Each structure stands twice: as structure tokens, then as C-alpha cells.
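Structural overview for review
Okay, here's what each chain looks like letter by letter:
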Amino acid sequence: MTEHDRGTHVAPLADHVDHLPPPISRMAKAAASLPALGYVAHPEKHLAKPVCALFGDEPFLKRQVLAELRKQVLGGEDGEFSYRSFIGEEIEDPRSVFDELGTVALFGGGRRLVVVNDADPFVTNNRATLESYVANPKPTGVLVLEVRTWPATTKLYKAVAEKGLSIDCGTPSSGEVMKWMRAWAEKEHRARFETGAAERLVEIIGPQMGRLDQEIAKLALLAGPPPSAMITLELVTANVGGWQVREIWDMIGAAASGNATAALVMLDRLVAAGQEPVGLLAMLASKLRPLAAATRAFEDAEAAGRRITPRQAVAESAAKVWPQMLDEADRNMKQLGRERTGQLYRWLLEADLAIKGSKSKGNGPRMVLEELILRLGKSTAAATP
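For clarity, every value in this text was computed on a predicted model and none was experimentally measured.

Core analysis: the biggest nonpolar cluster contains 87 residues, and Val65, Val144, Trp180, Met181, Phe193 and Leu201 have the highest contact counts within it. Here the element with the most residues in this core is helix 14 (residues 277-303); it accounts for 11 residues. What valine 144 contacts, discounting residues up to four positions off in sequence, is Cys52, Leu54, Leu66, Leu69, Leu113, Val114, Val115 and Val116. Counting 24 residues, the second-largest nonpolar core is a separate cluster that includes Phe86, Phe98, Val114 and Val134.

Below you can see the structure in the form of C-alpha cells.
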């Protein structure tokens, strides 16, 4: 029995993302598909078709889309008698799926809803049959294919695009996810994100919407009673990810401020606890790239005959540094000095290439991080730009 058979409740996304426009980049990529965030914002504009394909790598979005499809097709409680789900690789005879689509339930009205979860092998093995079915579907049922890949070059893709409904449930961009997070927190939990807090949460968790949903619910409770509940940057840092995440941020701060000894001690603890050097490098780079961008802004201002402070350079650069982080970035700029911040892009590129190439084996990745930390931690006397 699948999660859907058990009737797991999934809070609908509709009304939580009304302000989000359909992501233009995703629509341009596959004009015949509909972005999931756009669909769940206004499902009434996109009624279920005889064949629907949910494709992509974001399971949370797939659950939300399927919840809307179930509501449209099945209606009230009796409609659950008209629901059936399969696992793609467990289907021995495809006729069992099509027979379900043509069966009328003893209870409940309306159409049948048949969902094939993890349907990639089912699609691969029955592509021609599915193409024929899309051309002449049973009027009594709605078939939902939940797949990870859905190539736009296939006949089946084009057939569903013409007569069915294709919904792109791929992971949205970080910017799209953060817009959703703010709307979701306000409408679902009556809480708001402080500037920079949503960005920090995505940096820690990544754009994994299911985990973000759980963390938002937890943080909203910790933020206090609504409607004044505020999810702050400090609340996110202190309560998301446990001691290892906090140690990572402390290590980044120590390295960026030139304290190599403390950073190396923290690195040792993190590696011993199972943190991957590749992930640690990514987080370290997220802290150092704004300093590199600010250095370029500083040098461009000088070349134009304009004097600015390191803090102004950080604020004026193309890097995203939120107001709460300006003081810290200003301190790091002064501590490291222009000579070092001017080389950060090169150092980070060298570290990335080494950790994924020549030094990817054994203790190589850790040595790459140690070398980068030592470069940052050299004596910085009179280093202010």
C-alpha cells in the first residue's frame, strides 16, 4: 500500500502561492508543460485531463499536485472508492492499469483516478500502448503517470502535451523556493521571515521543499504566537541542522576572519563527525564570494576616482549580502585585506577543481580545505583595503 492509498493528508498549496507568477525560465524550457508552482496556485484553470504526467525530482511538489488532482477528479469522501495506485516496476500486465480506468466504482460518482507511482519503467516498457491510449482514452478515468524523467523529444510527451496535462515538478530555483517559503509561512503558520532568515534556511537545507516545510513548521512554533511570530536569522541558525551546521558557520567565520587555528580545529571535528569536504567547500565559498565581488567593486570605484569604504563596496557589489551580514562582511574584508580578497575567486576555483579532480581520493579533499584555510589565516597586519 502506498502513501496515497493510506490517505496521507497533504495541505494544499493553493492560496499559498497566489502571488507567484509561473516561472518563465521553466516555461521557456518546455512550453508544453506547466510549472507545478503555477498549477497549484490556480488548479481551477487547469482541469484534469484523461492522462496527466507529473515529472521532475521534487517529491513535495508532486504530492501537492496530486492532492489537487484527487480533489478535482474524486470530489468528496465517497470518491476515494474510485482511487487506485500502482508502483511502476511491480506492474506485470499493463492491462491491470487500463482495466481500472474503465471500471465504474460501486460507491461514489465521477471518474476513476489511477496513479502509477515511480512510473519510469512502466512508461519505458509500454510506450506504444500509452501513445495509443492517449489518442483514445477511456472517458471514465484519469491516468496519472508519476515519473522522474519526461523527455520532450518523445512521441508520448508530445501526445500528452496535446491532449493531456504535463506538470513540471522539478526543483525550482532558490529564488522561487524562497518566495514560496514566505507565502507558505504566512498563510499556513501565520509567521513571517525576517530579512535574510529565509535565505539562511535555504543555505542550510537546500531547496528541498519537503524538509523546508517541516523546518518552517518547527520555526513558526518557536517564533511565538501569531500574528506577530517572526522567524529570525538567529532562530534559524540556532535551531536548524544541529551542532554540525552551527559549527560549519563558526568555521567559516573563523577562516574568513583569518583565525586559521580555530578553523582547522573545527574542520577536524566536522570531518570526524562525517561532514563531506565537498559540502564544506560549498558553504565556505558562499561566504567568501561576496568578499571577492566587493573587492572588484572597490577597485572599480578607485579606477573611477571615487573613494568608498569596504562596507560600501560590499553593499554596492553584485553579491547578495543581507543587511544583518554587512558588519560581518566589513570586518572580514578589513581582516583579510585586498591582497587576499582579490585572490579569492582564484583560490576557490583551484580548490573546487582539486577537490573534484586531482585530489578527490583519500585525504585529498580535506587537504584542499586545510590549504585554503591556511591561505586565509596568514598574518593580516595592516591589511585593511
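Right, let's get into the side chain of threonine 341. Positionally, threonine 341 belongs in helix 16 (residues 323-341). Ignoring anything within four residues of it in the chain, the contact list for threonine 341 reads Leu291, Ala292, Thr295, Met333 and Leu336.

This part is about helix 18 (residues 364-376). Compared with an ideal rise of 1.5 Å per residue, which puts 13 residues at 18 Å, helix 18 spans 19 Å between its outermost C-alpha atoms and is within 8% of the ideal. Residues of helix 18 that are buried: Gly364, Pro365, Val368, Leu369, Leu372, Ile373 and Leu376.

With that settled, the discussion passes to the pairing of strand 2 (residues 51-55). In the case of a regular strand, side chains alternate between the two sheet surfaces. For strand 2, the tally of buried residues reaches 5 of 5 residues, placing the bulk of the element in the interior. Neither face of strand 2 is exposed, since Val51, Ala53 and Phe55 on one face and Cys52 and Leu54 on the opposite face are all buried. For strand 2 and strand 5 (residues 141-147), the ladder comprises 5 bridges, and the chain directions are parallel. By the bridge assignment for strand 5, leucine 54 is matched with glutamate 146.

Turning to the sheet that holds strand 5, a few remarks are in order. Taken in spatial order, the 6 strands line up as 1-6-2-5-4-3 in an open sheet, and their pairing is parallel. Here the strands that pair on one side only, and so sit at the sheet edges, are strand 1 (34-35) and strand 3 (83-87). When strand 1 meets strand 6 (residues 165-168), the two strands line up parallel, connected through 2 bridges. Bridge assignment links leucine 34 to a residue of strand 6, and that residue is isoleucine 167.

With that settled, the discussion passes to the confidence of the model for the protein chain. Detailed conclusions should not be drawn from predicted coordinates in areas where pLDDT is low. This prediction gives the protein chain a mean pLDDT of 81; 83% of its residues lie at or above 70. For the protein chain, helix 1 (residues 24-29) is the element with the lowest average pLDDT, namely 40, and strand 2 is the one with the highest, namely 96. Note that residues 1-31 has pLDDT below 50 and, in this model, 60 contacts with residues that lie over four places away or in other chains. Predicted confidence is poor over residues 379-385, with pLDDT under 50, and the contacts of this stretch with residues over four places away or in other chains come to 16 contacts.

Once that is clear, we can look at helix 17 (residues 344-356). A rise of 1.5 Å per residue sets the reference length of helix 17, with its 13 residues, at 18 Å; its end C-alpha atoms lie 18 Å apart and thus fit the reference within 8%. Taken together, the buried positions of helix 17 are occupied by Leu344, Trp347, Leu348, Ala351, Ala354 and Ile355. End-on view of helix 17: buried residues confined to an arc of 135°, all on one side of the axis. Residues of helix 17 that are exposed and point over 90 degrees away from its buried face: Leu349, Leu353 and Lys356.

Turning our attention to the packing of helix 14 against helix 18. Interhelical geometry of helix 14 versus helix 18 gives an angle of 25° and a closest axis separation of 9 Å. Overall, the two elements helix 14 and helix 18 adopt an arrangement that is roughly parallel. Read as a crossing pair, helix 14 and helix 18 show a hand that is left-handed. Facing helix 14, whose interface residues are Pro277, Leu280, Leu281, Leu284 and Leu288, helix 18 presents Pro365, Arg366, Leu369, Leu372 and Leu376.

What counts and how
- Residues numbered from 1 in each chain as written.
- Predicted model: local features only at pLDDT ≥ 70, side-chain atom pairs only at ≥ 80, totals over all residues.
- Heavy atoms only, no water.
- Core = buried A, V, L, I, M, F, W, Y, C linked by side-chain atoms within 4.5 Å.
- Buried < 20%, exposed > 50% of the residue type's maximum accessible area, 1.4 Å probe, protein only.
- Helix = DSSP H or I, 4+ residues; strand = E, 2+ residues; numbered from the N terminus.
- Contact = heavy atoms within 4.5 Å.
- Expected span 1.5 Å × (residues − 1).
- Pairing = 2+ DSSP bridges.
- pLDDT = per-residue confidence, 0-100.
- Arc of directions from axis to C-beta.
- Axes fitted to C-alpha atoms, helices over the stretch in contact; angles between N-to-C directions.
- Parallel < 35°, antiparallel > 145°, perpendicular 65-115°, else oblique.
- Left-handed = near helix turned anticlockwise from the far one by under 90°.

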